[in-house]
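Commentary on secondary and tertiary structure
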Amino acid sequence: MDKHHHHQMPLTKSASRQRYNEWVFRDVPSDITIEVDGAIFSLHKFPLVSRSGRIRRLVAEHRDSDISRIELVSLPGGSESFELAAKFCYGVNFEITSSNVAQLCCVSDYLEMSEDHSKNNLGSRAEEYLDSIVCKNLEMCVEVLRQSENLLPLADELKIVSRCIDAVASKACVEQIASSFSRLEYSSSGRLHMSKQANCEGDWWIEDLSVLRIDLYQRVITAMKFRGVRPESIAASLVSYAQKELIQKSISGSKEKLVVETIVSLMPVEKFVVPLSFLFGLLRSAVMLDCNAACRLDLERRIGSQLDIATLDDILIPSFRHAGDTMFDVDTVHRILVNFSQQEGDSDDEMEDVSVFESDSPTATPSQTALFKVSKLVDNYLAEIAPDANLKLNKFIAVAETLPAHARSVHDGLYRAIDVYLKAHLTLSDLDKRRLCKSIDFQKLSQEAGAHAAQNERLPLQSIVQVLYFEQLRLRNALFCSYPDDDIKPMHQSWRINSGALSAAMSPKDNYASLRRENRELKLELARMRMRLNDLEKDHVCMKRDMQKSSSRRFMKSFSKRIGKKFNIFGHSSSRESTNSPSRHSERTDSKITDRT
């Protein structure tokens, strides 16, 4: 068939007679009327029955009538497709293109325009164009797929869709392989390596596939993954498709829900391939649209695996479901943290099979570094949600205690968040306050935070006693380091408390590295103490000689009294001062620590 370009317009009922009158035999009276979707065509039997087996069979049923009237019900492509088929029967030239070849394949099958009824018929001509032209061009394949959306399920039965999908996936894979070979180059040392290049450069289909309907898009991406297309390219296409469907287009909630669930199901399994911000965006949409549980749990698991690079804005997910509930979706964040903790635990379990002597580095493992980052993130998150009056105590505690004990090296952030919660929930019972403050390891408070906690009237009395105890230990350690000729046993007891609390929950590799570091520090400290002891012995001899000369024993007596007062924190003489000090200094210190944070 000659492929002369024929500009096509949609065929309406009012314009149908005017359109077909341009190419039918004007000097021969019509003897058959065809109705398709309300459009009427007054045509001639002979050219139609010579090409179409279906029309030949229908005409045979109306032999007794001079003029037959036939209605073609559910013709694929409607009146526009029938007009093209009728033109072919009349020998009118028009161009087969990627925009109409799917219609021609389907309408020729419906009208039975095959080689069985006429040589070189419409069906074989359309099939030839599809196989020899369309399937060798990715852009044309995408166009045919787009046109096939309204021709299902017939386009599927004729394998139009599957052929185009296979062609797109195969061609994209071949192009990426060719691109990889073109990036091979020799280094200065003579070794063959891959030159640096953007992962998705040259993948034109990333944008072009966004025009497809979600069901066909899903089939294309699935085929690409099966063929081995790079996961980075798959992820980039998913992001592009989501932006067009969920942001740029105004679609219904049910379709939007289907898009989110499908995109999540198509995401590559490789870690860090899909941007974390995109995952959080999908999760917000999934929560708002009430997507199925599998979709939400998959997103939470993916986010949990890379939570250490998340920001506070990422995890502040609004609560969409119940107006009287919390401002933020705390349950979702808690599940993400559980996923993170479990994965951290899995990595620790895997490390047990590795010899602890393989590394002599005292630095923290990546797993431990991730824990520290997430612990800061959690503490900031708790401080952000703490003022919510509807936030239940159990939920707050559950989030605070999700991470293992060794995740926080300093508890200042957690203390700050709990103090904010206490401010916003003044009606808490003393029992609830004690439950809340059990999460804090007061020994891991900085000196400034410890001073604030010691005077914080919002804390339960038991917590204040713990703070004062650890503050006393800190003071004694400082004094014994300054005067090593005294009994240094309390200092070692305090050191054991520090190291033991931390190492109990550590993984074997982290624990070993921590012990090696502490041993080195202890040896250095002992060496320094020996040097200071020698210096002090010399000073002691000189001081004793000077004291004998000056007979100043009153100086030593005064010095002993000052030291005694320092150690008499729980004594009777200072009990009243200890009791009154929080109320006296609470407001001043509170503004210094808590308000600043």
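Scroll up to find the structure this text is about.
Residues numbered from 1 in each chain as written. Predicted model: local features only at pLDDT ≥ 70, side-chain atom pairs only at ≥ 80, totals over all residues. Heavy atoms only, no water.

Here the focus is the overall build of the protein. What the protein contains, in helices and strands, is 27 helices and five strands. Here the protein, with 597 residues, has 44% of them falling under the buried criterion. Intrachain contacts of the protein at a sequence separation of at least 6 include 71% that bridge at least 24 residues. For the protein, the exposed area adds up to about 32200 Å²; of that, 52% sits on carbon and sulfur atoms. (Helix = DSSP H or I, 4+ residues; strand = E, 2+ residues; numbered from the N terminus. Buried < 20%, exposed > 50% of the residue type's maximum accessible area, 1.4 Å probe, protein only. Contact = heavy atoms within 4.5 Å. Areas by Shrake-Rupley, 256 points an atom, 1.4 Å probe, with all protein chains shown as cover.)

Let us look at the pairing of strand E1 (residues 32–36). Within E1, five of the five residues are buried, which leaves the element mostly enclosed by the surrounding structure. The side-chain alternation of E1 yields two buried faces, one formed by Ile32, Ile34 and Val36 and the other by Thr33 and Glu35. Here E1 runs beside strand E2 (residues 39–43); their pairing, made up of five bridges, is antiparallel. Bridge pairing links Ile32 to Leu43 in E2. The antiparallel pairing of E1 with E2 creates a hairpin that spans two residues between the two strands, and Asp37 there sits at a positive phi of about 50°. (Pairing = 2+ DSSP bridges.)

Another point: the packing of aromatic side chains. Counted under the stated rule, the structure contains four aromatic pairs. Judged by centre distance (5.1 Å) and plane angle (65°), the rings of Phe41 and Phe82 are edge-to-face. Separated by 41 residues along the polypeptide, Phe41 in strand E2 and Phe82 in helix H4 (residues 78–90) bring together distant segments of the chain. Phe82 shares its class with Phe41; the two are buried. Relative to Tyr241, the ring of Tyr217 has its centre 4.0 Å away and its plane inclined at 15°; by these criteria the two rings are stacked. Pair noted here: Tyr217 is in helix H11 (residues 214–227) and Tyr241 is in helix H12 (residues 231–248), with a separation of 24 residues, a long-range link. (Phe/Tyr/Trp six-rings, centres within 6.5 Å; stacked < 30°, edge-to-face > 60°.)

Mapped onto the elements of the fold, Met288 is located in helix H14 (residues 276–289). By relative accessible area, which is 46% here, Met288 ends up partly exposed. In this structure the C-alpha to C-alpha distance between Met288 and Phe320, which are 32 residues apart in sequence, comes to 5.6 Å.

For the rest of this paragraph, the subject is unusual backbone geometry. Cis geometry is found at the peptide bond from Leu152 to Pro153, where omega equals 5°. Structurally, Pro153 is set in the loop between helix H7 (138–148) and helix H8 (154–157). In the Ramachandran plot, Ser74 falls in the positive-phi region, its phi being about 55° despite a non-glycine side chain. For Ser74, the position within the fold is in the loop between strand E3 (68–71) and H4. Classification of Ser74 as exposed rests on a relative accessible area of 62%. One non-glycine residue, Asn120, lies in positive phi territory at about 55°. In this fold, Asn120 is placed in the loop between helix H5 (101–110) and helix H6 (122–132).

A few words on the sheet that holds E3. A sheet is described by the order of its strands in space; here three strands give the open sequence E2-E1-E3, paired in mixed fashion. At either margin of the open sheet sits one strand with a lone partner, and together these are E2 and E3. Ignoring which end each strand starts from, the neighbouring axes of this sheet average 20° apart. In this sheet, E3 lies alongside E1 in parallel orientation, the contact comprising four bridges. Looking at E3, one finds that Glu35 is bridged to Glu71. Contacts from H4 reach E1 and E2, with the element oriented near 10° to E2. (Axes fitted to C-alpha atoms, helices over the stretch in contact; angles between N-to-C directions.)

All right, on to the packing of H14 against helix H15 (residues 293–305) then. For the pair H14 and H15, interaxial distance at closest approach is 10 Å and the crossing angle is 155°. The angle between the axes of H14 and H15 places the two elements in the roughly antiparallel class. Here H14 runs over H15; the crossing is left-handed. Contacts from Leu276, Leu279, Phe280, Leu282, Leu283, Ala286 and Val287 in H14 reach Cys295, Arg296, Leu299, Glu300, Arg302 and Ile303 in H15. Grouping the amino acids of the contact of H14 with H15 by side-chain chemistry returns 10 nonpolar, no polar and three charged. (Parallel < 35°, antiparallel > 145°, perpendicular 65-115°, else oblique. Left-handed = near helix turned anticlockwise from the far one by under 90°. Nonpolar A, V, L, I, M, F, W, Y, C, P; charged D, E, K, R; others polar.)

With that out of the way, let us pick up the side chain of Ser237. The topology assignment puts Ser237 in helix H12. In this structure, Ser237 is in contact with Trp205, Ile206, Leu209, Tyr217 and Ile221, ignoring residues within four places of it in sequence.

To continue, consider the environment of Leu216. Looking at the secondary structure, you find Leu216 in helix H11. What makes Leu216 buried here is its relative accessible area of 1%. Leaving out residues up to four positions away in the same chain, Leu216 has contacts with Leu145, Glu149 and Val161.

The end-to-end C-alpha separation of H11 is 20 Å, in line with the 20 Å expected for 14 residues at 1.5 Å each. Looking at H11, one finds that the buried residues are Ile214, Leu216, Tyr217, Val220, Ile221, Ala223 and Met224. Where H11 terminates, the next one or two residues include Gly228, which has phi positive at roughly 100°. (Expected span 1.5 Å × (residues − 1).)

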